[in-house]
Amino acid sequence: MLKLSKIYNFAKNSGMQIQENLVRIKQQIPENVNLVAVSKTKPNEDILEAYAGGQRAFGENKAQEIISKQPELPADIQWHFIGHLQRNKVKYIVPFVHLIHSVDSARLLREINKEAAKINRITDCLLQFHIATEETKFGLDMQEAAEILTSDDFVRMNHINIRGVMGMATFTEDQERVKNEFNKLVSIFKYMKTSFFKEADSFSIISGGMSGDYPLAIEAGCNMIRVGSDIFGERVY
Ligand SMILES: *Cc1c(COP(=O)(O)O)cnc(C)c1O
């Protein structure tokens, strides 16, 4: 099973296949859903092929990788940082990053604000929530998020704009479970919106869903999906 799918993915990824994959996915998703093409581990040529097909939003999960790719590629690419972010790497990505999906602590938020202030920029961020039943995934719970958002510290962070929420569902075949987890993310978004961001129109993003589960994420109400292998083929580490 695994071997066959590997061969299939290899064939799928040759030639103009990246653009075809993008067209196919875009046809499947509603217009209000934003597609982030997750290019981690993939070479710049693959990113340029997607770019030539009109894709502008790309996602990376390693600071080192996004830092080395960004200067080599077109300046109008919107870079999304989707991985766990170490505080000592913040200063390198803040100057160009479009959206940080993975804010999971007050300390990280404070660091982003500090670095953004230095260059007089406002950095768009999502709060990452722990929605999976797996232990290994990062993310806040509601109480932690509420503590951050009601703190005096947060009120003074003028160089951060919280645009919404992000979550990763459990990696499982169990569709019901995945759906429940995305439902949870959407209710977290709604709760946050009414409790803390009622007046903020820019608080509008629900980032959930990857190659294996994005239809379920969209069904639940997510409006941003992060798709890697369905576009670029399987990753080889
Ligand atoms: C790698 C990654 C994705 C994309 O995964 P695929 O299964 O290749 O679509 C999405 N979100 C995050 C946070 C990731 O690290």
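Everything below is about the structure printed above this text.
It should be emphasised that the depicted structure is a prediction, and the values quoted were computed from it without experimental measurement. (Residues numbered from 1 in each chain as written. Predicted model: local features only at pLDDT ≥ 70, side-chain atom pairs only at ≥ 80, totals over all residues. Heavy atoms only, no water.)

We now examine the pairing of strand 6 (residues 160–167). The buried count for strand 6 comes to seven of eight residues, which makes it a mostly enclosed element. Inspection of the sheet shows strand 5 (residues 123–129) paired to strand 6 by seven bridges, in the parallel sense. From the neighbouring strand, Leu127 faces strand 6, where its bridge partner is Val165. Pairing analysis gives three bridges linking strand 6 to strand 7 (residues 205–207), with the strands arranged parallel. In the sheet register, Met166 faces strand 7, and the bridge partner there is Ser207. For the crossover from strand 6 across helix 9 (residues 175–196) to strand 7, the handedness is right-handed. (Buried < 20%, exposed > 50% of the residue type's maximum accessible area, 1.4 Å probe, protein only. Helix = DSSP H or I, 4+ residues; strand = E, 2+ residues; numbered from the N terminus. Pairing = 2+ DSSP bridges. Right-handed = clockwise from strand over helix to strand, strands pointing away.)

Once that is clear, we can look at the environment of Val94. You can see Val94 is positioned in the loop between helix 5 (90–93) and strand 4 (99–103). For the pair Val94 and Met224, spaced 130 residues apart in the sequence, the C-alpha separation amounts to 21 Å. Apart from the residues within four sequence positions on either side, Val94 is in contact with Ile112, Glu115, Ala116, Ile119, Arg121 and Thr123. (Contact = heavy atoms within 4.5 Å.)

On to the site of the ligand, then. Taken together, Val38, Lys40, Ile82, Met166, Met168, Met210, Ser211, Arg226, Val227, Gly228, Ser229 and Arg235 are the residues near the ligand. The separation between a nitrogen atom of the ligand and a polar side-chain atom of Arg226 is 2.9 Å. The backbone of Ser229 places a nitrogen or oxygen atom 2.8 Å from an oxygen atom of the ligand. Taking 390 Å² as the accessible area of the ligand by itself, protein coverage stands at 91%. (Near = heavy atom within 4 Å. Polar contact = N/O pair within 3.5 Å; in protein donor to acceptor, adjacent residues only side chain to side chain. Areas by Shrake-Rupley, 256 points an atom, 1.4 Å probe, with all protein chains shown as cover.)

For the structure on display, the rule yields 10 salt bridges. A salt bridge links Arg110 to Asp153, with the shortest nitrogen-to-oxygen separation between them at 2.5 Å. Pair noted here: Arg110 is in helix 6 (residues 106–118) and Asp153 is in helix 8 (residues 152–155), with a separation of 43 residues, a long-range link. Between Arg163 and Asp124 there is a salt bridge, with its nearest N and O atoms 3.1 Å apart. In this pair, Arg163 is assigned in strand 6 and Asp124 in strand 5, connecting sequence segments 39 residues apart. For the pair formed by Arg163 and Asp124, the shared burial category is buried. (Salt bridge = Lys/Arg side-chain N within 4 Å of Asp/Glu carboxyl O.)

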